[in-house]
Amino acid sequence: MKDPRIFGLMAEFGDVNSAITAARDTYAAGYRKLDAYSPFPVEELSEAIGFHKNGVPLICLIGGLLGGTAAFTLQWWINTISYPINIGGRPPNSWPSFIIVTFEMTILFSGLSAVFGMLALNGLPMPYHPVFNVPQFDAVTKDKFFIVIFSSDKKYDPVATRQFLEGLNPLSVAEVPS
Amino acid sequence: MTAARVNNTEFAAPDIVNTIHQRSLAVGIIFGVASLIAAILPGTREQFFHSYLIGFMLWLGITLGCLAILMIQHMTGGMWGMVIRRQLEAAVKTLPLMAALFIPVLVVGIPYLYSGSHEGGAGWSGWFNPDPADKHLVEMSHVYLQRGGTATFLFLNGYIGRAIVYFAIWIMIGWALLRKSAQQDDPPIENLSPRFRRIAAPGLILYAFTISFAVIDWVMSLDPHWISTIYGFIFIAGELLSAISLMVVVEAIMSNYEPMVSLLKAKEVQDHGKLMLTFVMLWAYFSFSQLLIIWAGNLPMEIRFFTRRLNSGWQEIGLVLVIFHFFVPFFMLLSRSFKRNPHQLAWLAGFMIFMRFVDLFFYIEPNFHKSVLGGVAGYWLDLVVPIAIGGFWMALFFRNLRLRPLLPVYDMHAQQFLEYAGASHE
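Conventions we followed
- Residues numbered from 1 in each chain as written.
- Chains lettered and ligands numbered in written order.
- Predicted model: local features only at pLDDT ≥ 70, side-chain atom pairs only at ≥ 80, totals over all residues.
- Buried ≥ 20, exposed ≤ 12 C-beta atoms within 10 Å, placed from the backbone.
- Helix = DSSP H or I, 4+ residues; strand = E, 2+ residues; numbered from the N terminus.
- Pairing = 2+ DSSP bridges.
- Contact = placed C-beta atoms within 7 Å.
- Nonpolar A, V, L, I, M, F, W, Y, C, P; charged D, E, K, R; others polar.
- Axes fitted to C-alpha atoms, helices over the stretch in contact; angles between N-to-C directions.

Q: Hey, could you run me through the pairing of strand β3 (residues 145-150) of chain A in this one?
A: Each regular strand carries side chains that alternate between the two faces of the sheet. Residue and element names in this part refer to chain A. Among the six residues of β3, five are classified as buried, and the element is accordingly described as predominantly covered. Pairing between strand β2 (residues 34-37) and β3: four bridges, direction antiparallel. The partner of Asp35 across the bridge, within β3, is Val148.

Pasting the structure below:
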C-alpha cells in the first residue's frame, strides 16, 4: 500500500482559522500521523492535531534541580570540608550566601537542559525534510498555513486522502515526494 | 457622534456579580460592626489599629497592584490584559474608598501605631512619642511629623500631608486611565492605545516611587531606627501578586457564566498563572535580598529587624512564609496544566491572598510584641478587621464591575481577540 517515494499529502490554507478548522476535521476523520505548519505559533493548531505533551518541561525541571543541588553542594563542600575560612566570624556553612549561586546555576542548567532537551527530542538540526520539496511550502514563513498527512498513517490512501483534503477547501493540495 | 454607546447588555457582567456584591456588603457590615466595637472599647483600641494597618495595607496593596497591572497591560498589550482590563479598572475605582479608609489612621490611629514598642523591656520609642534621651529621634521626629513650635499636630503634619499627596497621585493616575477608558466606549472609534500609554508610562514610575515612600511612611516607620532600601520593592512585588491573585479568583467565578464562558481561554488563564509565578519569585527574590544584605553586613542597627523576627516564636511565622509564600506556590505554578485550569488556579490564588495577609502580619505585628505569644489574645482582630475592609472593598468592586461591559470592545485588539476567540470556539 505504502509508496516509499511519497512522504504524504499537503494542503495549503490562506488563514489561521480555516487551518485550525481543517486540522480539527482531519484529526476527527481518524488521521493521526499528521503535522501542521504555520508562520507563527498557533496553540489551537497544536491542540487540533492532537499534540499535547512533550518531555521538555520534565527535562528542564530535572536539569534545574540537578544544577541547583550541584551548586549548593559544591559551595558547601568547599566552605566546610575542602577549605574552610573564617569570614567575619560566620559559620563555615553560611547557607544564605550560597543561595545566589545556587539560584543562578538552577536557571543556567534548566535553560541549557530546555534547549538541548528540545533539540534532542525534535531531532534538530535536520538538514533535509521532504516538505520542502513542494514549491508552495516556501510561503510557510510568510502568510500560508499547511497541513500534511504522512503516508505512514494507517488511514492514508493516495486517492481517498487527497479527496478528503480537497473537501476541506484548501488553496491547493500537493503530493510530497520523500 | 450619533452612533450608539456600547450596548451594556452585550458582554454585561453576569448576575452572580450582584449576588457577590450583596454578600460582600453583608460580610463587611457584620465584621465592620465587630471592628467598630473593638475600636471603641479602650482595651482593644490599640490592637484594633495594628489590625487596621494590616487590613488597610492588604487591600490598598490589591488596589494599587491592580492599578500597576492595568498600566503594565496598557504598555505591553496582549490578550491576557484584554480579559481582565474591566476587572482591573473596577479595582482602581475603589481608590477613593481606600483614601477614605485611611482617615481613621490619620485622625485617631497615629498615637496607637507610632509610639514605639515597649513590651518585654527591650523595645524602642516611636516617632510620635520619642524618648527625650534619644536626641536623634527627637530631632528627626520633628522633621518627620512636621511637628513642634506652635504648629498643632493635626494641621501641619508631615505624615498627613504626605498621605494626601500619595492618594492624590494614585487617584489622578487612576482617574486619567478610567476617563480614557470611558471615552473608548463612546464612538467615534479612535485608537486610544497611544493615549493610554502616555498616562501609563509616567504612571508606573510615579507608582514605584510613591508606594515606596508610602510603605516607608506607614509601615517601616513603626520601628524608626531600622532602614531597608529594598523595602518598597518587597511591597510592590507583594501588591502585584495579591492583585493578579484576586483577578484569577474573580475570573474563575466569572468563567462559569456568559460572556466569560466564550471569552476566557485557557491560554489567557495560563498567562495570569505565569504572572503569579513571576510575582511569587519576585517577592522571594526581594525578600531574600533584604535578608542576605543585612545578614552579610551584620550591623547592629540593621539586624534588629531580623533578630526580633527570628526569635521568640516569630521564626515559625517566617518559616511558614518561606514554605507557603514561596516554595509551595512556586512548584505548583511550574505545572502547565495547573495554570491552564482557572478553578484549580483560583484556589492557589485565594491562598496567596491569605499569605499576603500573613506576610503583612509578619511585617507589622512584631513591632508591637517581642514574643509571638505576647499579643496572642488580640490576634483575632488581625483577621476580623481585614475581612471587614475586604467586605466593603469587594462590595464596591463588584458594583463597579456591574456598570460596564466586561470587554473593551472598541479597543484596537478587541476585534482581533473576538475573531480569535470565535475561531477556537467552533
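Q: Would you mind going over the interface of chain B and chain A with me for this structure?
A: Interfaces are frequently sized by the accessible area removed from exposure as the parts join. Contacts between the two partners involve 12 residues from chain B and, on the opposite side, 11 residues from chain A. Looking at which element gives the most residues to the side of chain B that touches chain A, the answer is helix α11 (residues 266-297) of chain B, with six residues. Split into classes, the residues belonging to the side of chain B that touches chain A amount to seven nonpolar, two polar and three charged.

Q: Would you mind going over the sheet that holds strand β1 (residues 6-13) of chain A with me for this structure?
A: Strand pairs in the sheet, formed through backbone hydrogen bonds, run parallel or antiparallel to each other. Residue and element names in this part refer to chain A. Taken together, the four strands give an open sheet; going across it, the order is β2-β3-β1-β4, and neighbouring strands pair in antiparallel fashion. Edge strands, defined here as strands with exactly one partner in the open sheet, are β2 and β4 (172-177). Adjacent strand axes in the sheet meet at a mean angle of 20 degrees, parallel and antiparallel pairs treated alike. Examined bridge by bridge, β1 and β4 share six bridges and lie antiparallel to one another. Note that in β4 the partner of Gly8 across the bridge is Val176. Across the sheet, helix α1 (residues 16-28) is in contact with β1, β2 and β3; its angle to β3 comes to roughly 15 degrees.

Q: Teacher, can you tell me more about the environment of Ala22(A) here?
A: Residues and elements named next belong to chain A. Tracing the backbone through its elements, the reader meets Ala22 in helix α1. Placed 53 residues apart in sequence, Ala22 and Gln75 show a C-alpha to C-alpha distance of 55 Å. Those residues in contact with Ala22, other than ones at most four positions away along the chain, are Ala11, Phe13, Ile147, Leu168 and Pro170.

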